[in-house]
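What follows is each chain in one-letter form.
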Amino acid sequence: MIGIIFGPPGSGKGTQATRVENEFRLAHLSTGDILRAEVAKGTPTGKEAGRIMAAGDLVPDELIVDIVRGRLPEAEAGAGVLLDGFPRTLRQAQALDAMLAQEGHKVDLVVALDVPEADLVARLLHRAEVEGRADDTRATITERMHEYHGQTEPVLEHYRTHRVPVEMIDGTGSPDQVFERIRRFIGISSR
Ligand code: B4P
């Protein structure tokens, strides 16, 4: 199974992906985590990505697509893959579809987390206090929301048009409550 966990910044993609990974034994591929690891190692990719992420912008499609292309085959070898934070633009979605088609695969489902913007901002400002992430300042959060609405939201329509099941999941409430809603949907879809 190839699934995507989708949503605006701070909607809980990473939080839920870890739970889904454990419950359904899927390989979890988070482009945000991969980029942060590159930043921490100080690689050339990390240096370029770090500047962009700290400004709240999206890292260039070519760079992200190359990263995913390098990791997808290994991830696909198991029971399935959960993509977290990717694709975030239409070009990334088209590149993903083409990569999967080469192996005779396709995206099977999209879990889209729905959280009011005021809650997202509050969560990210709280995360700034706890984790001190460079991209969780108020100005950066505003830019990330802008990028989400302009570049990322159209990805949902892309999958709906291609008849991929897209399930809007209420992302409010405790992480356990949100996970229960996701678990039910994936459980039904993978039967
Ligand atoms: P990501 O790492 O994908 O992260 P995110 O959108 O900030 O957060 P996520 O939705 O995973 O929320 P989380 O579970 O952490 O992206 C970071 C940056 O990387 C992007 O802005 C971009 O620059 C770059 N990037 C990544 N992928 C890219 C791509 N494909 N193309 C281009 N650029 C890319 O939860 C957020 C907070 O809320 C946490 O503190 C968590 O504890 C809390 N929380 C979670 N669930 C909660 C709940 N139910 N109730 C209350 N709080 C909750």
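All of the points below concern the structure found in this document. (Residues numbered from 1 in each chain as written. Predicted model: local features only at pLDDT ≥ 70, side-chain atom pairs only at ≥ 80, totals over all residues. Heavy atoms only, no water.)

1. With respect to the sheet that holds strand β3 (residues 81–84)
Strand order in the open sheet formed by 5 strands is β2-β3-β1-β4-β5, with parallel pairing between adjacent strands. In this open sheet, the two edge strands, each paired with only one partner strand, are β2 (27–30) and β5 (166–170). Each strand of the sheet is rotated relative to its neighbour by a mean of 20 degrees, with strand direction disregarded. Pairing between strand β4 (residues 109–114) and β5: 5 bridges, direction parallel. Looking at the pairing, Val110 lines up with Val166 of β5. (Pairing = 2+ DSSP bridges. Helix = DSSP H or I, 4+ residues; strand = E, 2+ residues; numbered from the N terminus. Axes fitted to C-alpha atoms, helices over the stretch in contact; angles between N-to-C directions.)

2. Topic: the side chain of His158
Relative to the elements of secondary structure, His158 occurs in helix α8 (residues 154–161). The buried category is assigned to His158, whose relative accessible area is 9%. For His158, the side chain forms a polar contact with the side chain of Asp97, separated by 2.7 Å. Discounting residues that sit within four places of it in the chain, His158 has contacts with Leu90, Ala93, Gln94 and Asp97. (Buried < 20%, exposed > 50% of the residue type's maximum accessible area, 1.4 Å probe, protein only. Polar contact = N/O pair within 3.5 Å; in protein donor to acceptor, adjacent residues only side chain to side chain. Contact = heavy atoms within 4.5 Å.)

3. As for the packing of helix α7 (residues 138–152) against α8
Put simply, α7 and α8 touch, their axes get as near as 6 Å, and they point 25 degrees apart. Comparing the axis directions of α7 and α8 gives the class roughly parallel. Here His149, Gly150, Gln151 and Thr152 of α7 come into contact with α8, specifically with Pro154, Val155 and Leu156. Residue composition of the contact of α7 with α8, grouped by class: 3 nonpolar, 4 polar and no charged. (Parallel < 35°, antiparallel > 145°, perpendicular 65-115°, else oblique. Nonpolar A, V, L, I, M, F, W, Y, C, P; charged D, E, K, R; others polar.)

4. With respect to the site of the ligand
Neighbouring residues of the ligand: 29 residues in total, closest Thr15, Thr31, Asp57, Arg127 and Arg144. Between the ligand and the protein, one listed contact pairs a nitrogen atom with a backbone N or O atom of Gly85 at 2.9 Å. When residues of the shell around the ligand are traced back to their parent elements, those giving at least two are α1 (13–24), α2 (31–41) and α6 (117–131). The element contributing the most residues to the shell around the ligand is α2, with 4 residues. (Near = heavy atom within 4 Å.)

5. Some thoughts on the packing of aromatic side chains
Note on aromatic pairs: each is described by the distance of the centres and the angle between the planes. Under the defined criterion, the tally for this structure stands at 1 aromatic pair. Their ring planes at 55 degrees and their centres at 6.1 Å tell us that Phe6 and Tyr148 sit as a pair that is tilted. One end of the pair, Phe6, is in strand β1 (residues 2–6); the other, Tyr148, is in helix α7, with 142 residues separating them in the sequence. The pair formed by Phe6 and Tyr148 is uniform in burial state, with each residue classed as buried. (Phe/Tyr/Trp six-rings, centres within 6.5 Å; stacked < 30°, edge-to-face > 60°.)

6. Some points on the side chain of Thr31
Within the fold, Thr31 resides in helix α2. Judged by its relative accessible area of 5%, Thr31 is buried. A distance of 3.1 Å separates a polar side-chain atom of Thr31 from the backbone oxygen of Gly85. With residues up to four places along the chain from it excluded, the contact list for Thr31 reads Ile64, Val68, Asp84, Gly85, Phe86 and Arg88.

7. Concerning the pattern of salt bridges
The full count for this structure, using the stated rule, is 14 salt bridges. Between Arg127 and Asp136 there is a salt bridge, and its shortest N-O distance comes to 2.7 Å. Judged by its relative accessible area of 21%, Arg127 falls in the partly exposed class. The class of Asp136 is buried, set by a relative accessible area of 1%. The partner of Arg144 in a salt bridge is Asp135, with the nearest N and O atoms 3.9 Å apart. Just as Arg144 is buried, Asp135 falls in that class too. Linked by salt bridges that have partners in common, Arg127, Arg133, Asp135, Asp136 and Arg144 make up one network. (Salt bridge = Lys/Arg side-chain N within 4 Å of Asp/Glu carboxyl O.)

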